[in-house]
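# Working through the structure, step by step
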Amino acid sequence: MKASVLALLLLPLGLNASPLAIEFRGDLSASEQDKLRHWLEQSADTLSLVSGRFPLEQARITVTPTQRGYGPVPWARVIRSQPEGIHFYVDPSYPADAYHDDWTALHEFSHLLIPYPGDDDIWFSEGLASYYQNLLRGRAGVVSVEQALRDLDAGFQRGERDANRKGRSLRQLSPAMWRTGSYMRVYWSGAAYFMRVDMALREQHNVSLDTVLARFIECCRQQRRSWTAQSLIATFDQLADTTLFADHYRQVIDDTAFPELASVYQNLGLERRNGRLKFNPAEEFDQRRQSLFRAPTSSP
């Protein structure tokens, strides 16, 4: 017998009160709700690997069954009104493993790390989520470090092809993403930006993007104010005592080409040959690659 149309649940994450309030809509059995609850709980815990905590005091999660689309999570959208949250549309016929293998939840949860910077700067929000969906899948052991990097590279290649076809700058295409269909250019240019900054922070300042986000979540994430990419960049640079976020922003925002990643790949011992990613097995490169997927252990 199916459960009631609505079931509002507060999830217990570890020993602490959960920041998630889940509302199940539609016709979902008790076992289907349990399966989806466990998936969401794990996804929220995985997001905490970025900063050591969930980024919001409370997030409202809505789950609606659908037979449309493909895969266990055909689509989802972030809700930016208060309280912020995510609306997932799921196909409940899939087994539990299919949800844990799917990237959608980690992408959508990663959006909650920062406030929405507005449609003009959607590259910033989607780029951060695209970058972290792959880092978190590696950190959680859903995929290997090597596979996570292959998935990132595959995304970058899609972005490069789209950039070559469009021949327009990121500043031009970000606000026109829906109208021009420039999703790959916008999403993966943003992910490339964050990977460049993350590697520069690690190499030059012995901190990481994780560190900066942890500091931001501690000081500023709960503030109710309007943010843009520029104001977030200025805040991140202040928190990191650097100009790297602004420096890399100026390098990529008006360029019609996809952001350059050769120096990042060289630093990580990565090489693309005929569209396939190759790994230098030397220990120094392996350690750098592993460090990207190691959750921070020290306080920000």
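Each value, and the rule that gives it
Numbering of residues starts from 1 in every chain and runs along the sequence as written. At least 70 in pLDDT is required for a residue's local features to be given in this predicted model, at least 80 for side-chain atom pairs to be given and counted, and no such filter applies to totals for whole chains, interfaces and linings, which use all residues. Excluding hydrogens and water, the side-chain values take into account all heavy atoms of the structure. Only runs of H or I of at least four residues qualify as helices and only runs of E of at least two qualify as strands under DSSP, and these elements are numbered from the N terminus. Computation of the radius of gyration draws on C-alpha atoms, with the globule rule given as 2.2 Å multiplied by the number of residues to the power 0.38. Whether a residue is buried, partly exposed or exposed follows from its accessible area with a 1.4 Å probe, protein chains only, as a fraction of its type maximum: under 20%, in between, or over 50%, in that order. Contacts between residues were defined by any pair of non-hydrogen atoms, one from each residue, lying within 4.5 Å. The protein chains shown are the only cover counted for residues, whose accessible areas, like all others here, come from Shrake-Rupley with a 1.4 Å probe. The sign given to each residue is positive for Lys and Arg and negative for Asp and Glu; His and the chain ends receive no count. The atom standing in for a charge is NZ when the residue is Lys, CZ when it is Arg, CG when it is Asp and CD when it is Glu. The angle between two axes is taken between their N-to-C directions and runs from 0 to 180 degrees, where each axis is a line fitted to C-alpha atoms and a helix contributes only its stretch in contact. We call two directions roughly parallel when the angle between them is under 35 degrees, roughly antiparallel when it is over 145, roughly perpendicular when it lies between 65 and 115, and oblique otherwise. Crossings are classed by handedness, with left-handed meaning an anticlockwise turn of the near helix from the far one by less than a right angle and right-handed meaning a clockwise turn. Think of it as three bins: nonpolar holds Ala, Val, Leu, Ile, Met, Phe, Trp, Tyr, Cys and Pro, charged holds Asp, Glu, Lys and Arg, and polar takes everything else, Gly as well.

## Here we look at the overall build of the chain
Of the regular secondary structure elements, the chain holds 13 helices and seven strands. Taken over the C-alpha trace, the chain has a radius of gyration of 19 Å; the compact-globule value for 300 residues is 19 Å, and the two agree within 12%. Taken along the three principal axes of its C-alpha coordinates, the chain extends 55 × 45 × 40 Å. Expressed as a percentage of the 300 residues in the chain, the buried residues total 55%. Excluding contacts between residues fewer than 6 apart, the proportion of contacts in the chain whose partners are at least 24 apart in sequence is 67%. For the chain, the accessible surface area stands at approximately 13700 Å², while carbon and sulfur atoms represent 47% of it. Charge separation in the chain, taken as the distance between the mean sites of 34 positive and 36 negative side-chain charges, equals 4 Å.

## Quick word on the environment of Thr104
Here Thr104 is to be found in helix H3 (residues 104-111). Sequence-wise, Thr104 and Trp123 are 19 residues apart; in three dimensions their C-alpha atoms are separated by 17 Å. With residues near it in sequence (within four places) discarded, Thr104 still touches Val73 and Ala76.

## A look at the packing of H3 against helix H4 (residues 122-139)
H4 packs onto H3 with a crossing angle of 130° between their chain directions and a minimal axis gap of 8 Å. Judged on the interaxial angle alone, H4 and H3 are oblique. Helix-helix and strand crossings are classified by hand; for H3 and H4 the assignment is right-handed. On H4, the residues touching Leu106, His107, Ser110 and His111 of H3 are Ser125, Glu126, Leu128, Ala129, Ser130, Tyr132, Gln133, Leu136 and Arg137. Taken together, the residues of the contact of H3 with H4 sort by class into five nonpolar, six polar and two charged.

## Points about the packing of H4 against helix H9 (residues 209-219)
Running from N to C, H4 and H9 cross one another at 110°; their axes reach a closest spacing of 13 Å. If you check the angle between H4 and H9, you find them roughly perpendicular. Between H4 and H9 the crossing geometry is left-handed. Touching Leu128, Tyr131, Tyr132 and Arg139 of H4 are Leu209, Asp210 and Leu213, all from H9. In terms of residue class, the contact of H4 with H9 is built from five nonpolar, no polar and two charged.

## So, unusual backbone geometry
A cis amide bond, omega -10°, links Gln82 with the succeeding residue Pro83. Note on placement: Pro83 falls in the loop between strand E4 (75-79) and strand E5 (85-90). For Asp241, which is not glycine, the phi torsion reads 55° and is therefore positive. Structurally, Asp241 is set in the loop between helix H10 (229-240) and helix H11 (244-252).

By themselves, these observations are geometric and do not establish any function.
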